[in-house]
Amino acid sequence: MFKGGGAQGENAVIRYWDALHTVTLDEIQYLKTGGESGGHASLVGDIRGMFKGQTMEALVQMKGDIEQKLRGGAASTTTAPHFDENGVVDTDYWQTVLNQLKVHLAKLELSEIHSKMLVRQLEKLEARREELHKKALTGETTDAGDDEAKKKSSEGDNAAASAMPLPQGIEPDFGNLEEELGLNDEIDLHAKNNGTLNYAWQDKYRPRKPRYFNRVKTGYDWNAYNKTHYDHDNPPPKIVQGYKFNIFYPDLIDRTITPRYHLERADTDNFCILRFSAGPPYEDVAFKIINRQW
């Protein structure tokens, strides 16, 4: 849930819910009219193309011009005339443009709020990492985290597990949890390459490491063995069920190239290294994850 402080925080919350309401109503109309092949989708397809590549200032100006046009004001300076078959300004068309522009602005608002939320989580994670680093330097003991997340549950017959009911009182998502990842899971690529990690572009741009905010999803595997030997009050060890990586590249030199990832061998077959590359000025960043099909 999005939270803020004071009047500014309250305004941000209101903007969030207003934007979400606008986008939701448009999605409902999209589904009610047949989805991708429906009338709503075909009507707004070309209209949405008008907004691509426009700055926020240009979109706000366009919104004002269209509202003035619909009120019968002076001709717009940012939108081309659009007339119906009788040569009259097509108010239905411009009302649709205005509605879709509001949806587009709402999506931009949600995207901005989401980015701010991720940055806040990232700052908390970095503060925690710094705290752990200081404790390590002073010799203090630190919490190793949820070791159970890295344990494997006993293997069982998958077919039999699917057929067997869950123990009484167990919901399918019982115990599922998303936890912070990245405090101790990042791989030192410089050390991995004997301190000789080089980039073709490093003479032109100063390499920097991207900021990231990652999470790991843990839960219980209710296979045949675990259904027989565990219950709600005595659950089996948790296992890793998935990862979520949020890596920030705000200053990419070439924004036309999509960041990519690939897998590398780790020091054991039970794990692998997930490596992300985006290009200058960012160094690659890598994480050690469980080696399995996700």
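Look a little higher up for the structure.
Model, not experiment: these values are computed from the prediction.

Quick look at the sheet that holds strand β6 (residues 271-277) now. Overall, antiparallel pairing links the four strands, which are arranged β2-β7-β6-β5 in an open sheet. The strands lining the two open edges of the sheet, one partner per strand, are β2 (186-187) and β5 (260-265). Bridging between β5 and β6 involves six bridges; their strand directions are antiparallel. Looking across to β6, one finds that glutamate 264 is bridged to isoleucine 273.

This brings us to the packing of aromatic side chains. Overall, the coordinates contain 10 aromatic pairs when judged by the stated rule. Here tyrosine 93 and tryptophan 94 contribute two aromatic rings whose centre-to-centre distance is 5.0 Å and whose plane-to-plane angle is 75°, an arrangement assigned as edge-to-face. Between tyrosine 249 and tyrosine 282, the aromatic rings sit 5.2 Å apart at their centres with planes inclined by 75°, giving edge-to-face as the arrangement. You can see tyrosine 249 sitting in the loop between β4 (239-248) and β5 and its partner tyrosine 282 sitting in the loop between β6 and β7 (285-290), a full 33 residues away along the chain.

Let us look at the pattern of salt bridges. Applying the stated rule across the entire model yields nine salt bridges. One salt bridge connects glutamate 67 with lysine 63, and the closest N-O pair in it is separated by 3.0 Å. Here lysine 63 and glutamate 67 lie together in helix α3 (residues 56-70), a separation of four residues that amounts to about one turn. Of the residues examined, glutamate 67 reaches a relative accessible area of 23% and is grouped as partly exposed. Of the charged contacts, one joins lysine 288 and aspartate 267 as a salt bridge, the two residues approaching to 3.2 Å between their closest N and O atoms. Here the residue lysine 288 occupies a position in strand β7, and aspartate 267 occupies one in the loop between β5 and β6, the gap between them amounting to 21 residues. Residues joined by salt bridges that share partners form a network here, namely Glu264, Arg275 and Asp284.

Procedures and definitions
- Residues numbered from 1 in each chain as written.
- Predicted model: local features only at pLDDT ≥ 70, side-chain atom pairs only at ≥ 80, totals over all residues.
- Heavy atoms only, no water.
- Pairing = 2+ DSSP bridges.
- Helix = DSSP H or I, 4+ residues; strand = E, 2+ residues; numbered from the N terminus.
- Phe/Tyr/Trp six-rings, centres within 6.5 Å; stacked < 30°, edge-to-face > 60°.
- Salt bridge = Lys/Arg side-chain N within 4 Å of Asp/Glu carboxyl O.
- Buried < 20%, exposed > 50% of the residue type's maximum accessible area, 1.4 Å probe, protein only.

Shape is all these values report; function is a separate question.
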